[in-house]
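Single-letter residue listing:
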Amino acid sequence: MEHGALGNSSAGNFILGKKEFESRRSAECVKRQGEAAGRKITLVEVPDWRKNREITESCQLLQQEIVLSTSLCAPGPHAILLIVRTDVAFREADRSVIEGHVELLGEKVWSHTIVLFTSENYLGDTPIELHIESEGGALHWLLEKCSNRYHVLTTESRHAGIQVQDLLDKVEEMVAENSSCHYEMDREILKDTEERKRKANERAHQRQQNVQKQRQNIRSQIGDRKLSELRLVLMGHRTAGKSSAGNTILGREAFELKTAVQSEFKQGTVADREVTVVESPCWSESNVQNTAKMYQLEFMHSLFLCHPGPHALLLVLRVDTKYSEMNNRVLEEHLELLSQNVWNHTIVLFTHEDWLGQTPIERHIESEGGALHRLLEKCRNRYHVLNTKVKNDDMQVMQLFEKIEEMVEENKHCYYQLDQKILDAVKERRRAEERAKERELKAQRPREENRAKIGEYIVFVFPHEHMHICLKPVHICNDNYINVHTSA
Ligand SMILES: Nc1nc2c(ncn2[C@@H]2O[C@H](COP(=O)(O)OP(=O)(O)OP(=O)(O)O)[C@@H](O)[C@H]2O)c(=O)[nH]1
Ligand SMILES: [Mg+2]
């Protein structure tokens, strides 16, 4: 198990002494077997969780896989190796993130856990104990939970054999302390999770087929026709991947990866289409009614930038994060600012496909259920998944364009038309802009007048600690010097 993405895979390969695990991430557990230090070893790599996200924010797929990891090394693992990086601070917040994820296996799991510190020789010759003592509180808590069991793997080191031998010795000592027992997961929880995974896989398969059928029907009507122009709006929560998705669509670094309050507008020619992409400002995490009016107007304005209206609204969501009821409420409240038929023009665009690895997106959808299901129903089962980290993968963008064109076909060749509500919001935003300029000028005028009256201040700083200086502002004339009163 790994806290924060570093790559369990490299630790797994290091222990087995060969490249058994791929460095590619996977949302499902990966099992490998081999030999190390004269023992037969089964290693199960658990998908990583986001370092700063609580268990309540982790998606169901990840939670299920953590639980099921124990059944891949039946009858149960001798050790749970919790990988912690030494080159990153271990903060108080990490404590509850780790606790939530590890304890999915049950509270007793701590007596079978060893903290495995990894780094690419970040510590050099510095003893790990110095790192532990310097980090303090939260890391001490973790080590106490594991009865002070830890080991360091320096994956760059040449002494791999000795490091692995030492680690396996520590595992054996721990097993002896546990009355020669391996860890056994609660059978009911395990059975229930297995059943949920089985059903999710069935439904995922069914969903894939339904989508395929639905798309084939529309495709047969479209033939080879494609739109010469595409206008798209990216919207979603903070750091969902809007700018990255925009860059992947346009095939260049058009959007900067920084949070902006104002909408951004970029254009380009992609696959023989003139593409306009607008990124609307990220949604506030709370109630839309409580957000500043300026922000609401900016959100409406982002659609206006796609004049006469966007072909698609892309709702951007991360696949590696839970889509909660609260997220859904905020999203719905935003779309309610627009007209009712907005749902006919929306597609859910998942990012972070690389986290899924070989796992189909449908497995994530079916494991999540609840709010995500309802959202997809509203979008009539239209979704797409992107890995924005991969460059020059034209296929993922082409497929998105095809899905957008199918949606436009379903909408009888119509894009989302800007309604009066949006036009009113744009007018209100312009008026606010004009008033803002006037206010700025008004605020500047008296300052400039004062400045002209008093001239400039000149400040002398004497490097004598007992010298008190009183400076009086004076108008600087040709023959005027500054009036300085000093007292020691
Ligand atoms: N691994 C991976 N990282 C991604 C992917 N998409 C986005 N990211 C990362 O996620 C982080 C946020 O991405 P942005 O594109 O800035 O997200 P955003 O929604 O525009 O963020 P704000 O505008 O700040 O709300 C960045 O560190 C990206 O590199 C993806 O498909 N895979
Ligand atoms: Mg952005």
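Everything below is about the structure shown above.
Keep in mind it's a predicted model, so treat the numbers as computed, not measured.

Conventions we followed
Residues numbered from 1 in each chain as written. Chains lettered and ligands numbered in written order. Predicted model: local features only at pLDDT ≥ 70, side-chain atom pairs only at ≥ 80, totals over all residues. Heavy atoms only, no water. Donors = N, O, S within 2.8 Å, 3.2 Å for Na, K, Ca; no water. Helix = DSSP H or I, 4+ residues; strand = E, 2+ residues; numbered from the N terminus. Buried < 20%, exposed > 50% of the residue type's maximum accessible area, 1.4 Å probe, protein only. Pairing = 2+ DSSP bridges. Arc of directions from axis to C-beta. Contact = heavy atoms within 4.5 Å. Axes fitted to C-alpha atoms, helices over the stretch in contact; angles between N-to-C directions. Polar contact = N/O pair within 3.5 Å; in protein donor to acceptor, adjacent residues only side chain to side chain. 1 Å grid on protein atoms, 1.4 Å probe; cavity = no way out; pocket = protein on both sides within 12 Å on 5 of 7 lines; lining within 4 Å. Points joined across faces, edges and corners; volume = space filled by probe spheres on them. Salt bridge = Lys/Arg side-chain N within 4 Å of Asp/Glu carboxyl O. Near = heavy atom within 4 Å. Areas by Shrake-Rupley, 256 points an atom, 1.4 Å probe, with all protein chains shown as cover. Nonpolar A, V, L, I, M, F, W, Y, C, P; charged D, E, K, R; others polar. Parallel < 35°, antiparallel > 145°, perpendicular 65-115°, else oblique.

With that out of the way, let us pick up the coordination of the magnesium ion (ligand 2). For the magnesium ion (ligand 2), the protein coordination sphere consists of Ser243 (OG) and Glu279 (OE), at 2.1 to 2.2 Å. Placement of Ser243 in helix α8 (residues 242-250) and of Glu279 in strand β8 (residues 273-279) is noted, with a sequence separation of 36 residues between them. Note on accessibility: Ser243 and Glu279 belong to one class, buried.

With that settled, the discussion passes to the pairing of β8. Within β8, 6 of the 7 residues are buried, which leaves the element mostly enclosed by the surrounding structure. In the sheet, strand β6 (residues 229-236) pairs with β8 via 6 bridges, with the strands oriented parallel. Residue pairing for β8: Arg231 is matched across the bridge by Thr276.

The next subject is helix α4 (residues 128-135). Within the sequence span of α4, burial applies to Ile128, His131 and Ile132. Buried positions in α4, seen along its axis, are confined to an arc of 100° and lie on one side of it. Along α4, the residues that are exposed and aim more than 90 degrees away from the buried face are Glu133 and Ser134. Where α4 is buried, its residues contact β4 (113-119), α5 (137-145) and β5 (150-154). Downstream of α4 by one or two residues, Gly136 has phi in the positive range, about 80°.

Once that is clear, we can look at the sheet that holds strand β9 (residues 312-318). Strand order in the open sheet formed by 6 strands is β7-β8-β6-β9-β10-β11, with mixed pairing between adjacent strands. Only two strands of the sheet have a single partner each, and these edge strands are β7 (264-270) and β11 (383-385). Sheet twist, expressed as the mean angle between neighbouring strand axes with direction ignored, is 25°. This element, helix α12 (residues 361-368), spans β10 (346-351) and β11 of the sheet and lies at about 120° to β11.

Looking at where Glu368 falls in the secondary structure, it is placed in helix α12. We classify Glu368 as buried; its relative accessible area is 9%. Glu368 sits 45 residues away from Tyr323 along the chain, and the two C-alpha atoms are 7.7 Å apart. Apart from residues lying up to four places away in sequence, Glu368 is in contact with Cys59, Gln60, Leu61, Lys322 and Tyr323. A distance of 3.4 Å separates the side chain of Glu368 from the backbone nitrogen of Tyr323, its partner in a polar contact.

Next up on the list: the layout of surface pockets. Roughly 780 Å³ of volume is contained in the largest pocket. The wall of the largest pocket is formed by 34 residues, among which Ile41, Thr42, Leu43, His78 and Ala79 lie closest to the centre. Contributions of two or more residues to the lining of the largest pocket are made by α1 (8-16), β2 (39-45), β3 (80-85) and α6 (160-177). Per element, the largest residue contribution to the lining of the largest pocket is 7 residues, and it comes from β2. Space inside the second largest pocket adds up to approximately 500 Å³.

Moving on, we come to the pattern of salt bridges. A side chain of one charge can pair with a side chain of the opposite charge when the charged atoms of the two come close. Scanning the model with the defined rule gives 37 salt bridges in all. Among the ionic pairs, Asp272 bridges to Lys226, the shortest N-O distance being 3.6 Å. On the criterion of sequence distance, the pair formed by Asp272 in the loop between β7 and β8 and Lys226 in the loop between α7 (187-222) and β6 is long-range, its members being 46 residues apart. Linked through salt bridges whose partners overlap, the residues forming this network are Glu28, Glu65, Lys197 and Arg363.

Lining the immediate surroundings of ligand 1 are 19 residues, of which Ser244, Thr259, Asp354, Thr388 and Lys389 lie closest. Contacts to ligand 1 include Glu279, whose side-chain N or O atom sits 3.1 Å from an oxygen atom. A total of 650 Å² of accessible area belongs to ligand 1 in isolation, and the protein chains cover 85% of it. By residue class, the composition of the shell around ligand 1 is 4 nonpolar, 8 polar and 7 charged.

Running from amino to carboxyl end, helix α2 (residues 60-68) crosses α12 at an angle of 90°, the nearest separation of the two axes being 8 Å. Classed by the angle they form, the pair α2 and α12 counts as roughly perpendicular. In contact with Gln60, Leu61, Gln64 and Glu65 of α2, α12 contributes Arg363, His364, Ser367 and Glu368. Tallied by class, the residues present in the contact of α2 with α12 amount to 1 nonpolar, 4 polar and 3 charged.

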